[in-house]
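Here is what each chain is made of, one letter per residue.
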Amino acid sequence: MEKCSLCETRRPRRNCPALGKDICTQCCGSKREVTVDCPLDCAYLIEGRDHEEMAQVGEYPNREVEVSGAFLERNQPLYIFVLGTLHHAAKENPGVNDSDMREAIAALVQRYRGKESGLVVETTIPNRIAAAVVDSFEQKMEEFREKVKSENVDPAVFIDENMFKVMVFLDRFAALKNNGRPKGRYFLSLLRFMFPPMEPKTDAVTA
Ligand SMILES: [Zn+2]
């Protein structure tokens with residue numbers, strides 16, 4: 001009998017696009033995003049998302065910071081734009097997973113907390129992928145700020161305090177969308193779903 005290439009015991013039921021091998025459903029379920037780098041468009045991964053349980057959030061990151069519903073409503077275009085820019089930064093760094101993204105967002109929280117309070121703290125980010133995501137993100141934001149300047153659009157959306165709170169909100173959002181798998185990319189699949197490929201538009205943040 002043909003055997004699953006992972007457990008070498010059970011009958012293989014599906015072809016794993018990451019491994020290019022036939023594997024059983026149990027191995028697919030238990031090893032996806034744990035030891036296997038699943039492509040986000042894998043049909044089995046997508047199907048599995050519907051039954052996925054999220055990891056417990058022990059404590060909300062930065063819980064002392066209040067991010068009200070009214071703030072989010074007012075700043076919806078901004079946080080959607082920031083999410084889109086994070087998505088862009090993730091795409092520029094292949095191999096990134098959700099835990100790298102959480103580290104990147106946590107570092108951005110610190111950075112904008114510093115800017116908001118007038119204290120610029122240069123933090124080093126030991127995780128190289130997270131650091132690269134932060135660099136891509138900041139570069140894209142800087143390009144956007146320049147662009148907005150030349151178009152004479154009100155730069156009020158780039159108030160550091162707003163950016164800080166949006167980052168805190170996204171930090172919590174990413175913590176909620178953590179499926180607990182070491183190579184998990186649940187949060188990144190959400191970004192991919194929200195942002196089909198296109199360039200961020202100026203009016204997205206100024207509307
Ligand atoms: Zn197996």
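Scoring rules and cut-offs
Residues numbered from 1 in each chain as written. Predicted model: local features only at pLDDT ≥ 70, side-chain atom pairs only at ≥ 80, totals over all residues. Heavy atoms only, no water. Helix = DSSP H or I, 4+ residues; strand = E, 2+ residues; numbered from the N terminus. Buried < 20%, exposed > 50% of the residue type's maximum accessible area, 1.4 Å probe, protein only. Contact = heavy atoms within 4.5 Å. Areas by Shrake-Rupley, 256 points an atom, 1.4 Å probe, with all protein chains shown as cover. Lys, Arg positive; Asp, Glu negative; His and termini not counted. Charge placed at Lys NZ, Arg CZ, Asp CG, Glu CD. Donors = N, O, S within 2.8 Å, 3.2 Å for Na, K, Ca; no water. Tetrahedral: all angles 85-135°; square planar, octahedral: opposite > 155°, others 65-115°. Core = buried A, V, L, I, M, F, W, Y, C linked by side-chain atoms within 4.5 Å. Axes fitted to C-alpha atoms, helices over the stretch in contact; angles between N-to-C directions. Parallel < 35°, antiparallel > 145°, perpendicular 65-115°, else oblique. Left-handed = near helix turned anticlockwise from the far one by under 90°. Nonpolar A, V, L, I, M, F, W, Y, C, P; charged D, E, K, R; others polar. Expected span 1.5 Å × (residues − 1). Salt bridge = Lys/Arg side-chain N within 4 Å of Asp/Glu carboxyl O.

Enquirer: An account of the overall build of the protein is needed here, citing residue identities and associated values.
Expert: The secondary structure content of the protein amounts to nine helices and two strands. Ordered by position from N to C terminus, the α and β elements of the protein give β-β-α-α-α-α-α-α-α-α-α. Counting the 207 residues in the protein, one finds 43% classified as buried. The contacts in the protein between residues at least 6 apart in sequence include a share of 68% that link residues at least 24 apart. A total accessible area of about 11,700 Å² is found for the protein, and carbon and sulfur atoms account for 50% of it. Positive and negative side-chain charges of the protein, numbering 29 and 32 respectively, have mean locations separated by a distance of 7 Å.

Enquirer: Now, about the coordination of the zinc ion: what can you tell me, with residues and values included?
Expert: At this site the zinc ion is bound by Cys 4 (SG), Cys 7 (SG), Cys 24 (SG) and Cys 27 (SG), with donor distances of 2.3 Å. In this structure, the zinc ion is coordinated by four donor atoms arranged in tetrahedral fashion, with angles at the metal of 101 to 117°. All donors to the zinc ion come from one chain, and their sequence spacing reads C-x2-C-x16-C-x2-C. Here Cys 4, found in the segment before β1 (14–16), pairs with Cys 24, found in the loop between β2 (21–23) and α1 (25–31); they are 20 residues apart in sequence, far enough to count as distant. Classification of Cys 4 as buried rests on a relative accessible area of 0%.

Enquirer: Explain the environment of Ala 104 residue by residue, including any values.
Expert: Along the chain, Ala 104 falls in helix α5 (residues 98–116). Sequence separation between Ala 104 and Pro 12 is 92 residues; the distance between their C-alpha atoms is 38 Å. Ignoring any residue separated from it by four or fewer positions in sequence, one finds Ala 104 in contact with Ala 130, Val 133 and Val 134.

Enquirer: Kindly report on the nonpolar core, identifying the contributing residues and their values.
Expert: Generally speaking, soluble globular proteins have nonpolar side chains that are buried together. In this structure, Val 82, Leu 86, Met 101, Ile 105, Phe 137, Met 163 and Met 167 are the most contacted members of the largest nonpolar core, which totals 41 residues. Every element with two or more residues in this core is listed here: α3 (69–74), α4 (76–91), α5, α6 (128–150), α7 (160–176) and α8 (186–194). In contact with Ile 105, not counting residues within four places along its chain, are Leu 86, Met 167, Leu 170, Asp 171, Ala 174 and Phe 187. Grouped together as the second largest cluster of nonpolar side chains are 11 residues, Cys 24, Cys 27, Cys 28 and Cys 42 included.

Enquirer: Explain the packing of α5 against α6 residue by residue, including any values.
Expert: Closest axis-to-axis distance for the α5/α6 pair is 8 Å, and the angle between their directions is 50°. Between α5 and α6, the angle falls in the class oblique. The two elements α5 and α6 cross, and the hand of that crossing is right-handed. Contact residues: α5 offers Asp 100, Met 101, Glu 103, Ala 104, Ala 107, Leu 108, Arg 111, Tyr 112 and Lys 115, while α6 offers Ile 129, Ala 130, Val 133, Val 134, Phe 137, Glu 138 and Arg 145. Residues belonging to the contact of α5 with α6 are distributed by class as follows: 10 nonpolar, no polar and six charged.

Enquirer: Can you tell me about α4, naming the residues and giving the values?
Expert: Taking 1.5 Å as the rise per residue, α4 with 16 residues should run 22 Å; its terminal C-alpha atoms sit 23 Å apart, in good agreement. Counted residue by residue, α4 has 12 buried out of 16 residues, so it is predominantly covered.

Enquirer: Break down the pattern of salt bridges for me, citing the residues and quoting the values.
Expert: Applying the stated rule across the entire model yields nine salt bridges. The salt bridge involving Lys 183 is made with Asp 37; its shortest N-O contact spans 3.2 Å. Here Asp 37 lies in the loop between α1 and α2 (43–49) and Lys 183 lies in the loop between α7 and α8, a separation of 146 residues in the sequence. The exposure class of Lys 183 is partly exposed, given its relative accessible area of 26%. For Arg 113, the salt bridge goes to Glu 64, with nearest N and O atoms at 3.5 Å. Taken as a pair, Arg 113 in helix α5 and Glu 64 in the loop between α2 and α3 lie far apart in primary sequence, 49 residues in all. Residue classification places Glu 64 among the exposed residues on the basis of a relative accessible area of 57%. Because the salt bridges share partners, they merge into one network encompassing Glu 33, Arg 49, Glu 52 and Arg 181.

Everything listed is a geometric property; what it means functionally is a separate question.
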